[in-house]
Amino acid sequence: MRIGELAKQAGIDAQTVRYYEREGILAAPSRTASGYRAYGPAHVERLNFVRHCRSLDMPLADVKRLLELSGDRGVSCEDVNTLVQSHLERVRAKRAALEALEKQLSALRAHCESGHRIADCGILEELIHAAQGEACACHPR
């Protein structure tokens, strides 16, 4: 199949396929006599693997490492466990940061109710105070 069909089957665009080839994530396909790339089922499977890992928010470097590890079925899976554990720790840190952000935004949101004019907007007032170097609801001192 050609690159457009591969991209369609994998649910990505052709530019992403080319990028993955350049980065060594996807093996270069054979070429037809007329020079077109000729992809097969193994390319679709690999792209589906990559897409699945990316849906778990794994960085491409980690995906590439998982692909490398999957090529040697005889080695211990300790590297896979370590990689996933590291990603899990990043996710937990990101979650904590998002929870802190939620609290900050909630504190800011509490300073204004709907129905006011912009001149009376407590949110904008708080943001202006912060811009002037003062404490605000979302960043108290």
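Look up a bit, the structure's there.
I will try to describe carefully the structure that is included in this document. The structure displayed is predicted, hence computed values, not measured ones.

Criteria and thresholds
- Residues numbered from 1 in each chain as written.
- Predicted model: local features only at pLDDT ≥ 70, side-chain atom pairs only at ≥ 80, totals over all residues.
- Heavy atoms only, no water.
- Helix = DSSP H or I, 4+ residues; strand = E, 2+ residues; numbered from the N terminus.
- Contact = heavy atoms within 4.5 Å.
- Axes fitted to C-alpha atoms, helices over the stretch in contact; angles between N-to-C directions.
- Parallel < 35°, antiparallel > 145°, perpendicular 65-115°, else oblique.
- Nonpolar A, V, L, I, M, F, W, Y, C, P; charged D, E, K, R; others polar.
- Left-handed = near helix turned anticlockwise from the far one by under 90°.
- Phe/Tyr/Trp six-rings, centres within 6.5 Å; stacked < 30°, edge-to-face > 60°.
- Buried < 20%, exposed > 50% of the residue type's maximum accessible area, 1.4 Å probe, protein only.
- Lys NZ or Arg CZ within 6 Å of the ring centre and 35° of its normal.

## Focus on the side chain of His-87
Move 1: Checked against the element boundaries, His-87 lands in helix 5 (residues 78-109).
Move 2: Those residues in contact with His-87 that sit more than four places away from it in its chain are Leu-56, Asp-57, Met-58 and Pro-59.

## With respect to the packing of helix 1 (residues 3-10) against helix 2 (residues 14-22)
Move 1: Remark: helix 1 packs on helix 2, axes separated minimally by 8 Å, with the N-to-C direction vectors making an angle of 100°. Comparing their axes, helix 2 and helix 1 come out roughly perpendicular. Residue-level contacts link Ile-3, Leu-6 and Ala-7 of helix 1 to Ala-14, Val-17 and Arg-18 of helix 2.
Move 2: Of the residues in the contact of helix 1 with helix 2, the class split is five nonpolar, no polar and one charged.

## With respect to the packing of helix 1 against helix 3 (residues 41-55)
Move 1: Following both chains from N to C, one finds helix 1 and helix 3 inclined at 45°, their axes separated by 9 Å at the closest point. Classified by the angle between their axes, helix 1 and helix 3 sit oblique to one another. In this structure, the crossing between helix 1 and helix 3 has a hand that is right-handed. Between helix 1 and helix 3, the contacting residues are Leu-6, Gln-9 and Ala-10 on the first element and His-43, Val-44, Leu-47, Asn-48 and Arg-51 on the second.
Move 2: A breakdown of the residues in the contact of helix 1 with helix 3 according to their chemical character gives four nonpolar, three polar and one charged.

## Some thoughts on the packing of aromatic side chains
For any pair of aromatic rings, the description consists of the separation of the ring centres together with the inter-plane angle of the planes.
Move 1: Taken as a whole, this structure holds one aromatic pair when the rule is applied.
Move 2: Seen from their ring centres, Tyr-19 and Tyr-20 are 6.0 Å apart, and the 50° between their planes marks the pair as tilted.
Move 3: Using a relative accessible area of 32% as the deciding quantity, one classes Tyr-19 as partly exposed.
Move 4: Lying over the aromatic face of Tyr-36, Arg-2 brings its terminal NZ or CZ to 3.8 Å of the ring centre.

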